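Coordinates in review
Each chain is listed here by its residues.
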Amino acid sequence: MSQPVKNVVRKAVIPAAGLGTRFLPATKAVPKEMLPIVDVPTIQHIILEAVQSGIETIVLVTARGKESILDHFDQHSDLEKKLLSEGKTELAEKLRTVSQMVEIVAVRQGAPRGLGHAVLCAKRMIGDEPFMVLLGDDLVDSEIPCSKQLIEVYNKYQKSVVALMPVPDSDVPKFGIVSGDKLDDRNIEITAMVEKPKLTEAPSNLAIVGRYLLTPKIFDYLEKTDPGKGGEIQLTDAMNMLRKEQGFIGHQFQGLRYDAGDTLGFVKANVAYALKRPELREPLLEYLKTLVK
């Protein structure tokens with residue numbers, strides 16, 4: 001039996017263990033990843049991007065109280081039968097499609113110890129393969145899925161890749177910031193990487209957003225990374241070490257990014273995605289015009 005090619009990106013990690021405190025009280029009983037963008041859970045949009053990028057296996061890093069995420073992607077035969085008996089064929093097919101999107105496996109993060117630790121929890125499931133990390137807070141609306149853009153860059157350079165976008169000065173301290181040597185119009189070889197710097201200490205205004213393509217060597221560095229503030233293991237610290245050994249590419253992706261982990265960003269995403277729906281676009285535009293008046 002042939003062995004899988006180790007440099008093909010087939011797996012993705014989605015950290016989904018956070019408490020979602022910015023959306024309380026809504027997230028007291030409902031995982032933030034299940035909050036809908038129009039009528040589709042946020043995490044379903046993220047997983048769909050991964051599937052459209054060629055990902056075959058999703059590793060969900062979950063925690064206590066997140067069972068509904070897995071339930072959402074499980075088959076619900078009784079509900080499908082009920083919908084079919086009522087003639088709601090299209091809706092039943094939508095449910096069936098969700099349960100058949102991709103192979104999903106779950107691992108538990110016992111304590112909230114940071115993004116780096118969440119990625120490390122997936123080590124056994126990922127094995128010796130490059131993999132994507134998609135943050136459930138970041139939605140990217142693009143013609144070519146953002147993850148696919150990063151995979152194409154990886155295929156060209158055979159180095160880890162992170163998605164970048166320029167941000168205004170006021171937002172620089174909120175992000176990991178990088179700088180580097182230009183390779184072409186959208187790619188740089190990263191030479192500096194700083195997590196949430198002061199504006200005066202930032203190497204540029206190019207911010208890392210929630211899409212990473214990492215080689216499996218990252219796990220070695222995550223295991224060596226000392227916990228920082230709050231006992232959290234920072235992914236950026238491990239990426240910096242990986243950069244020094246293997247090199248690291250920054251890719252300015254094409255598309256619009258929405259911060260679905262921020263209240264205003266979440267509202268903006270709902271409006272934007274609703275306007276993409278033919279049956280909602282015109283009525284919503286008319287309603288928005290009345291609000292503007």
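Just above, that's the structure.
As a starting point, this report considers the structure included with it. (Residues numbered from 1 in each chain as written. Predicted model: local features only at pLDDT ≥ 70, side-chain atom pairs only at ≥ 80, totals over all residues. Heavy atoms only, no water.)

**Let's talk about the packing of aromatic side chains**
For the coordinates displayed, the defined rule picks out three aromatic pairs. A centroid spacing of 5.2 Å and a plane angle of 5° characterise the contact between phenylalanine 131 and phenylalanine 219, whose relative ring orientation is stacked. In this pair, phenylalanine 131 sits in strand 6 (residues 131–134) while phenylalanine 219 sits in helix 8 (residues 218–224), placing the two residues 88 residues apart along the sequence. Look at tyrosine 258 and tyrosine 273: their rings are 6.1 Å apart centre to centre, the planes differ by 70°, and that puts the pair in the edge-to-face class. Of the two residues, tyrosine 258 sits in strand 13 (residues 256–259) while tyrosine 273 sits in helix 10 (residues 263–275), which places them 15 residues apart along the sequence. Classification of tyrosine 258 as buried rests on a relative accessible area of 15%. When its relative accessible area of 11% is taken as the criterion, tyrosine 273 is described as buried. (Phe/Tyr/Trp six-rings, centres within 6.5 Å; stacked < 30°, edge-to-face > 60°. Helix = DSSP H or I, 4+ residues; strand = E, 2+ residues; numbered from the N terminus. Buried < 20%, exposed > 50% of the residue type's maximum accessible area, 1.4 Å probe, protein only.)

**Comments concerning the packing of helix 10 against helix 11 (residues 278–292)**
Their axes nearest at 8 Å, the elements helix 10 and helix 11 cross at an angle of 130°. As far as their axial angle goes, helix 11 and helix 10 are oblique. Across from Val271, Ala274 and Leu275 in helix 10, the residues of helix 11 making contact are Leu280, Arg281, Leu284, Leu285 and Leu288. (Axes fitted to C-alpha atoms, helices over the stretch in contact; angles between N-to-C directions. Parallel < 35°, antiparallel > 145°, perpendicular 65-115°, else oblique. Contact = heavy atoms within 4.5 Å.)

**Some remarks on the pattern of salt bridges**
Enumeration over the complete set of coordinates arrives at 15 salt bridges. One salt bridge in this structure joins arginine 10 and glutamate 56, with 3.8 Å as the shortest N-O distance. With arginine 10 in the segment before strand 1 (11–15) and glutamate 56 in the loop between helix 1 (42–52) and strand 4 (57–62), the pair connects residues that are 46 residues apart, well separated along the chain. Residue arginine 10 is classed as partly exposed on the basis of its relative accessible area, which comes to 21%. Given a relative accessible area of 46%, glutamate 56 falls into the partly exposed group. The closest approach of N and O atoms between glutamate 279 and arginine 277, which form a salt bridge, is 2.9 Å. Arginine 277 gets classed as partly exposed once you look at its relative accessible area, which sits at 24%. Put simply, Arg10, Lys11, Glu56 and Glu129 are held in one network by salt bridges that share partners. (Salt bridge = Lys/Arg side-chain N within 4 Å of Asp/Glu carboxyl O.)

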